[in-house]
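Results of the structural survey
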Amino acid sequence: MLAARKRLCAGARVSARARGVGLVLLSAVGYGMTPILLKFAYAEGAQMEQILYYRFLLAVLLLGGQLALRGRLRALPRGRWGTLALAAGVGGMLFAGITLNLFTAMKYLSASVSELLYFIYPIWVGLLSAALYKMRLRLAQWLCLAAMLAGLFLTLDLRGEAFGVKGLAFALLSSVCSAAYVLFAKRRVFEALDGYVFSLAVMLGALVCFAACYFGPGGMHPPLSGRAIAVILIMTLASTLVAMCSYFLGIRTLSPTEIAALASVEPVVTLVGERLVLGTALGARVWLGAAVVIGAVTAFTLVGSADKTCVKRSRKE
């Protein structure tokens, strides 16, 4: 009887982990589509402030309405409002920082290069974990870091017209914000929250930031065309609601290392999408550099144990 119960519990854990892997992969695909959809929106004359504001306004209304109809908002445990405020405040600002910097970077760089620069955030996760918890990185991790820099050098055409120093800076800042976001979202204090409610809180916090940009000083925005509205709606459903909710539900059973490794799908989706959908000609140098970056970042996260130690220590707080 005891052996059967152990087998049942082990099977449940495997099933939960498999579900988590599938959800994080779905999230990576959704986020990988964002740069492609953004290029379409820019081509239709939409401005960054318009895209972000309407994208998250629709996401908050759709997800909030669904949760309200199902009674999940009324079923919140007492004492969780402070936790939700923390998620909306800090999580919302970090997510807004990720998106604003990445969208700005794409004004100066191609979709694939911007995504690759953003994708190095697992490196920042390891470095931040090492700095915060005084962990030493292994030699293999330093070698992965050197390989990643070599891959970026191959990918970036420093003399080309498509390269911009501003784009490089914004993309790197976006990746740093993403690393901080991963460490923040994995804190123990959020484990008792419903994944959808947590997503709604972060979306609401990000919406406040985007509304400040949209209604702040900057002049009048041109009206959106029908195609631009359609692109923003697709971005809202696929790259916001599905991607964010899948991510928060998936990370519950996975470590940051595993999450970062699964996220390697994201730049691949962007690279393939830019070639097939946008028709951008990507040379062999770009593909080689992308492969080196993706491989180096994935190897870095698999070799290291800094982020696992971070999770263990944060649970003791």
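Structure first, text after, so check above.
The notes below deal with the structure included here. (Residues numbered from 1 in each chain as written. Predicted model: local features only at pLDDT ≥ 70, side-chain atom pairs only at ≥ 80, totals over all residues. Heavy atoms only, no water.)

**Side note on the overall build of the protein**
As a reminder, the rule being used: Here a strand is any run of E in DSSP of at least two residues, a helix any run of H or I of at least four, and the numbering for each starts at the N terminus. Note on classification: 1.4 Å probe, protein chains only; a residue is buried when its accessible area is under 20% of the maximum for its type, exposed when over 50%, partly exposed between these limits. Note on contacts: a residue pair is in contact if any heavy atoms of the two residues lie within 4.5 Å. The accessible surface values rely on the Shrake-Rupley method and a 1.4 Å probe; as for residues, cover is taken only from the protein chains in view.
Along its length, the protein carries 13 helices and zero strands. Secondary structure of the protein in N-to-C order comes out as α-α-α-α-α-α-α-α-α-α-α-α-α. Per-residue burial over the protein gives 50% buried out of 317 residues. The contacts of the protein with a sequence gap of at least 6 include a subset with a gap of at least 24, amounting to 91%. Total accessible area on the protein is roughly 15200 Å²; 67% of this is exposed by carbon and sulfur atoms.

**Observations concerning the environment of Tyr 42**
The topology assignment puts Tyr 42 in helix 1 (residues 2–43). Through-space distance from the C-alpha of Tyr 42 to that of Val 231 is 10.0 Å; in sequence the pair is 189 residues apart. Ignoring any residue separated from it by four or fewer positions in sequence, one finds Tyr 42 in contact with Gln 47, Met 48, Ile 51, Phe 103 and Lys 107.

**A few points about the packing of aromatic side chains**
Rule in force here: For Phe, Tyr and Trp, rings pair up if their centres lie within 6.5 Å, where Trp contributes its six-membered ring, and each pair is then called stacked (planes under 30 degrees apart), edge-to-face (over 60) or tilted (otherwise).
On inspection of all chains with the given rule, the structure shows nine aromatic pairs. Each ring, one from Tyr 53 and one from Tyr 214, has its centre 4.8 Å from the other, and the planes form 5°; the classification is stacked. With Tyr 53 in helix 2 (residues 48–69) and Tyr 214 in helix 8 (residues 195–215), this residue pair connects regions lying 161 residues apart in the sequence. Residue Tyr 214 is classed as buried on the basis of its relative accessible area of 13%. With 5.2 Å between their ring centres and 80° between their planes, Tyr 53 and Phe 215 make a pair best called edge-to-face. Residue Tyr 53 is found in helix 2, and its partner Phe 215 is found in helix 8; the two are separated by 162 residues along the sequence. When its relative accessible area of 57% is taken as the criterion, Phe 215 is described as exposed. Through pairs of rings, three or more aromatic residues link up here, namely Tyr 53, Tyr 54, Tyr 214 and Phe 215.

**Quick word on the nonpolar core**
Note that soluble globular proteins tend to have their nonpolar side chains buried in a common cluster. Basically, it comes down to this: Here, nonpolar core means buried Ala, Val, Leu, Ile, Met, Phe, Trp, Tyr and Cys residues that are tied together by side-chain atoms lying within 4.5 Å of each other.
Ranked by internal contacts, the top residues of the largest apolar core, which has 87 residues, are Met 148, Met 244 and Phe 248. Ignoring sequence-local partners within four residues, the contact set of Met 244 consists of Tyr 31, Phe 56, Phe 95, Tyr 181, Ser 199, Val 202 and Met 203.

**Quick look at the state of the cysteines**
Covalent bonding between the sulfur atoms of two cysteines defines a disulfide. Using the following cut-off: Two cysteine sulfurs form what is called a disulfide whenever their separation falls within 2.5 Å.
Within this structure, the stated rule accounts for zero disulfides. The thiol sulfur of Cys 209 is not disulfide-bonded, and the nearest other cysteine sulfur, from Cys 213, lies at 7.3 Å. Its relative accessible area of 22% is what places Cys 209 among the partly exposed residues.

**A look at empty space enclosed by the protein**
Rules: Think of a 1 Å grid over just the protein atoms. A cavity is a set of points where a 1.4 Å probe fits yet cannot get out, a pocket is an open set with protein on both sides within 12 Å along at least five of seven lines, and lining residues have an atom within 4 Å of a point. Grid points are joined across faces, edges and corners, and a volume is the space filled by probe spheres set on the points. Residues were grouped as follows: Ala, Val, Leu, Ile, Met, Phe, Trp, Tyr, Cys and Pro as nonpolar; Asp, Glu, Lys and Arg as charged; and all remaining residues, including Gly, as polar.
Taken as a whole, this structure holds three cavities of 30 Å³ or more when the rule is applied. The space that makes up the largest cavity amounts to roughly 300 Å³. In this structure, the largest cavity is lined by 21 residues; those nearest its centre are Tyr 31, Phe 95, Tyr 118, Ser 178 and Glu 266. Breaking the lining of the largest cavity down by element, the ones donating at least two residues are helix 1, helix 3 (81–105), helix 4 (111–119) and helix 7 (165–185). Grouping the constituent residues of the lining of the largest cavity by class yields 14 nonpolar, four polar and three charged.

**Topic: the side chain of Ser 246**
The cut-off we apply is this: For this analysis, a polar contact is any N or O atom pair within 3.5 Å, provided that within protein one partner can donate a hydrogen and the other can accept it, and provided that sequence-adjacent residues contribute only side-chain to side-chain pairs.
Following the sequence through the fold, Ser 246 ends up in helix 9 (residues 226–250). Separated by 2.6 Å, the side chain of Ser 246 and the backbone oxygen of Val 242 make a polar contact. The residues contacting Ser 246, other than those within four sequence positions of it, are Leu 23, Val 24, Leu 26 and Ser 27.

**Let's talk about the side chain of Thr 99**
For Thr 99, the position within the fold is in helix 3. Looking at Thr 99, the relative accessible area reads 6%, which means it is buried.

**Some words on helix 11 (residues 265–276)**
What counts, and what does not: The span you would expect from a helix comes to 1.5 Å times its residue count less one. Arc definition: directions from the helix axis to the C-beta atoms.
The end-to-end C-alpha distance of helix 11 is 16 Å, a good match for the 16 Å that twelve residues give at a rise of 1.5 Å each. Listed as buried for helix 11 are Glu 266, Pro 267, Thr 270, Leu 271, Gly 273 and Glu 274. Down the axis of helix 11, the sector holding all buried residues measures 170°, keeping them to one side.

**Considerations on helix 9**
For clarity, the threshold we go by: The bend reported for a residue corresponds to the angle between axes fitted to the seven residues ending at that residue and the seven starting there.
The end-to-end C-alpha separation of helix 9 is 34 Å, in line with the 36 Å expected for 25 residues at 1.5 Å each. Thr 236 marks the point of greatest bend in helix 9, at about 30°.

**Some details on the packing of helix 2 against helix 9**
We apply this condition: Between N-to-C directions, angles cover 0 to 180 degrees, with each direction set by a line fitted to C-alpha atoms, over the stretch in contact for helices. Convention used here: angles under 35 degrees read as roughly parallel, angles over 145 as roughly antiparallel, angles from 65 to 115 as roughly perpendicular, and any remaining angle as oblique. For any pair of crossing helices, the crossing counts as left-handed if the nearer helix is rotated counterclockwise from the farther one by less than a right angle, and right-handed if it is rotated clockwise.
Contact geometry for helix 2 and helix 9: axes closest at 9 Å, N-to-C directions at 60°. Comparing their axes, helix 9 and helix 2 come out oblique. Like other packed secondary-structure pairs, helix 2 and helix 9 cross with a definite hand, here right-handed. Taken together, the residues of helix 9 that come into contact with helix 2 (itself represented by Ile 51, Tyr 54, Arg 55, Phe 56, Leu 58, Ala 59, Leu 62 and Leu 63) are Ile 232, Leu 233, Met 235, Thr 236, Leu 237, Ser 239, Thr 240, Leu 241, Met 244 and Cys 245. For the contact of helix 2 with helix 9, the residue count by class is 14 nonpolar, three polar and one charged.

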